[in-house]
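# Examination of the molecular architecture
Spelled out from the first residue to the last, the chains are:
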Amino acid sequence: MFTTEIGTNIEKASNLLQEGNVVAVPTETVYGLAANALNPAAVAKIFEAKNRPYFNPLIIHLASVNEIEKYAYIDEISMQLANEFMPGPLTLLLNKKNIVPDMVTAGSNKVAIRIPDHPLLIELLHKVNFPLAAPSANAFGYVSPVTSQHVLQGLQGKIPYILDGGKCNVGLESTIVEVNENGETILHRTGGLAIETIEIFLGKPLIRPLQQHNLSPQTSGQLKSHYATTTPLIQGNVTELIQQNSDKKVGIISFKNQYQQVAKQHQFVLSKNGSLTEAAQNLFDVMRHLDTLDYDIILAENFPDEGLGKAINDRLKRAQYTQKD
Ligand code: AMP
Ligand code: MG
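Cut-offs and rules
Residues numbered from 1 in each chain as written. Chains lettered and ligands numbered in written order. Predicted model: local features only at pLDDT ≥ 70, side-chain atom pairs only at ≥ 80, totals over all residues. Heavy atoms only, no water. Buried < 20%, exposed > 50% of the residue type's maximum accessible area, 1.4 Å probe, protein only. Helix = DSSP H or I, 4+ residues; strand = E, 2+ residues; numbered from the N terminus. Pairing = 2+ DSSP bridges. Phe/Tyr/Trp six-rings, centres within 6.5 Å; stacked < 30°, edge-to-face > 60°. Lys NZ or Arg CZ within 6 Å of the ring centre and 35° of its normal. Polar contact = N/O pair within 3.5 Å; in protein donor to acceptor, adjacent residues only side chain to side chain. Contact = heavy atoms within 4.5 Å. 1 Å grid on protein atoms, 1.4 Å probe; cavity = no way out; pocket = protein on both sides within 12 Å on 5 of 7 lines; lining within 4 Å. Points joined across faces, edges and corners; volume = space filled by probe spheres on them. Nonpolar A, V, L, I, M, F, W, Y, C, P; charged D, E, K, R; others polar. Axes fitted to C-alpha atoms, helices over the stretch in contact; angles between N-to-C directions. Salt bridge = Lys/Arg side-chain N within 4 Å of Asp/Glu carboxyl O.

This part is about the pairing of strand 13 (residues 250–254). Of all five residues in strand 13, five are buried; the element is thus mostly enclosed. Because side chains alternate across strand 13, one face comprises the buried residues V250, I252 and S254, and the other comprises G251 and I253, equally buried. Looking at chain direction, strand 13 and strand 15 (residues 297–301) are connected through four bridges and run parallel. Within strand 15, the position partnered with G251 by the bridge is I298. Strand direction decides the pairing type here: strand 13 and strand 14 (residues 267–269), joined by three bridges, are parallel. Within strand 14, the position partnered with S254 by the bridge is V269.

Below, the discussion takes up the packing of aromatic side chains. Counted according to the given criterion, the structure contains four aromatic pairs. Consider the rings of Y227 and F284, whose centres lie 6.3 Å apart with planes at 15°: the pair is stacked. Pair noted here: Y227 is in the loop between helix 8 (195–202) and strand 12 (233–236) and F284 is in helix 10 (residues 276–292), with a separation of 57 residues, a long-range link. For Y227, a relative accessible area of 2% gives the class buried. Where F255 meets F303, the ring centres are 5.5 Å apart and the plane angle is 50°; that geometry is what we call tilted. Highlighted residues: F255 in the loop between strand 13 and strand 14 and F303 in the loop between strand 15 and helix 11 (308–319), separated in sequence by 48 residues. The exposure class of F303 is buried, given its relative accessible area of 4%. The residue whose ring lies beneath K97 is Y73, and the NZ or CZ to ring-centre distance is 4.9 Å. The aromatic ring of Y227 is capped on one face by R315, whose charged end is 4.9 Å from the ring centroid.

This paragraph deals with the side chain of E173. Looking at where E173 falls in the secondary structure, it is placed in the loop between strand 9 (161–163) and strand 10 (175–179). Judged by relative accessible area, E173 falls into the buried class, the value being 5%. Within polar-contact distance, the side chain of E173 engages the side chain of S144 at 2.4 Å. Here E173 is in contact with T29, V30, S144, R189, G191, G192, Y227, F284 and R315, once residues within four sequence places are set aside.

Let us look at empty space enclosed by the protein. For the structure on display, the rule yields one cavity of 30 Å³ or more. If you add up the space inside the largest cavity, you get close to 30 Å³. Taken together, T190, G191, L193, A194, I195, G307, L308, K310 and A311 make up the full set of residues lining the largest cavity. If one sorts the elements of the lining of the largest cavity by residue count, helix 11 sits on top with three residues. Across the lining of the largest cavity, the residue classes tally to five nonpolar, three polar and one charged.

Here T4 shows up in the segment before strand 1 (5–7). For T4, a relative accessible area of 14% puts it in the buried group. A distance of 2.7 Å separates a polar side-chain atom of T4 from the backbone oxygen of I159. Apart from residues lying up to four places away in sequence, T4 is in contact with L152, L155, Q156, G157, K158, I159, P160 and I162.

All right, on to the sheet that holds strand 12 then. Reading across from one edge, 12-15-13-14 is the order of the four strands in this open sheet, with parallel pairing throughout. The open sheet terminates on both sides in strands that have one partner only, identified here as strand 12 and strand 14. Strand-to-strand twist of the sheet, defined as the mean angle between neighbouring strand axes without regard to direction, takes the value 20°. The pairing of strand 12 with strand 15 spans four bridges and is parallel. Along strand 15, the bridge assignment pairs G236 with E301. Sheet strands in contact with helix 10 are strand 12, strand 13, strand 14 and strand 15, and its direction is about 175° off that of strand 13. Seen against the sheet, helix 11 touches strand 12 and strand 15 and runs at an angle of roughly 135° to strand 12.

So, on to the pattern of salt bridges. The full count for this structure, using the stated rule, is 12 salt bridges. Between R208 and E199 there is a salt bridge, with its nearest N and O atoms 2.5 Å apart. Look at R208 and you get partly exposed, because its relative accessible area is 27%. For E199, a relative accessible area of 16% gives the class buried. Its salt-bridge partner being D305, residue K310 comes within 3.9 Å of it at the nearest N-O pair. By relative accessible area, which is 56% here, D305 ends up exposed. Here the residues in one salt-bridge network are E173, D314, R315 and R318, joined through shared partners.

Purely geometric stuff here, so don't read any function into it on its own.
Laid out in structure tokens, this is it:
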């Protein structure tokens, strides 16, 4: 057991990581729980602290695009994507080089790589001089953390240090893609980089998970139940859901509008201005907040199926399944 400290001391974070410990770190997507990706014993501590199943591979974080080739083989299209969107909320799945331990990739010959867009983390990556494996810094299956307090709520006593970099700018996990041998780009997880933005850059559509064979269905990016609140959550037509749940205490997550049938204090609007970027920033914070209140059920709207709305809908859909598999 640790006394978990929160601070902005990069030196301290760096020392802990070099000694083979885990440290929670800020990124632009969500807070990550980081360890030296090249040290399997350190990486094992991530799985222990999070209670994450070992079959679930981790994303490795690098300081710059130039470093990718130390850890993976990169094709031309992936390189173009890297140059265009990194640093940023995009993860590339690439064929790994031997230097990456199996513990990181759960035995797969592919490794997921990302360049985070957060000045504190980039400074830390330069200082430690090794890649950081980092999943979200929460207990496995729960809503991802977007502030240092969220990390503390889930992992207090289990980790020594949380590097505080403020609230995450994007608020959703990264978008994960892979370029296959045919030069097609497969979407593994929707996330903080809008699908349309990638498609415009590539000049063609991404191949959606549903069209593709059953690739790694066991990874958390694809688990049916994930990002889930403890209070049951239902997504759908909120007007109808309010009627159907009239005997219950309900909390509401909506995009920009409120519902007259329910008192205002039970309604959480993610973006009054109707910005999906702002809604994404607020989503996990609001889900966590609602979960601390005494509701029987959380009702969530269907968000517009465009831009970051797709990723918001994906997270809400999976938050509906309470049975963790
Ligand atoms: P997170 O749980 O947010 O850290 O995201 C990690 C997710 O990235 C995993 O659950 C997978 O969906 C995906 N991922 C990471 N590494 C791999 C890999 N080697 N092969 C396939 N998917 C991966
Ligand atoms: Mg996670």
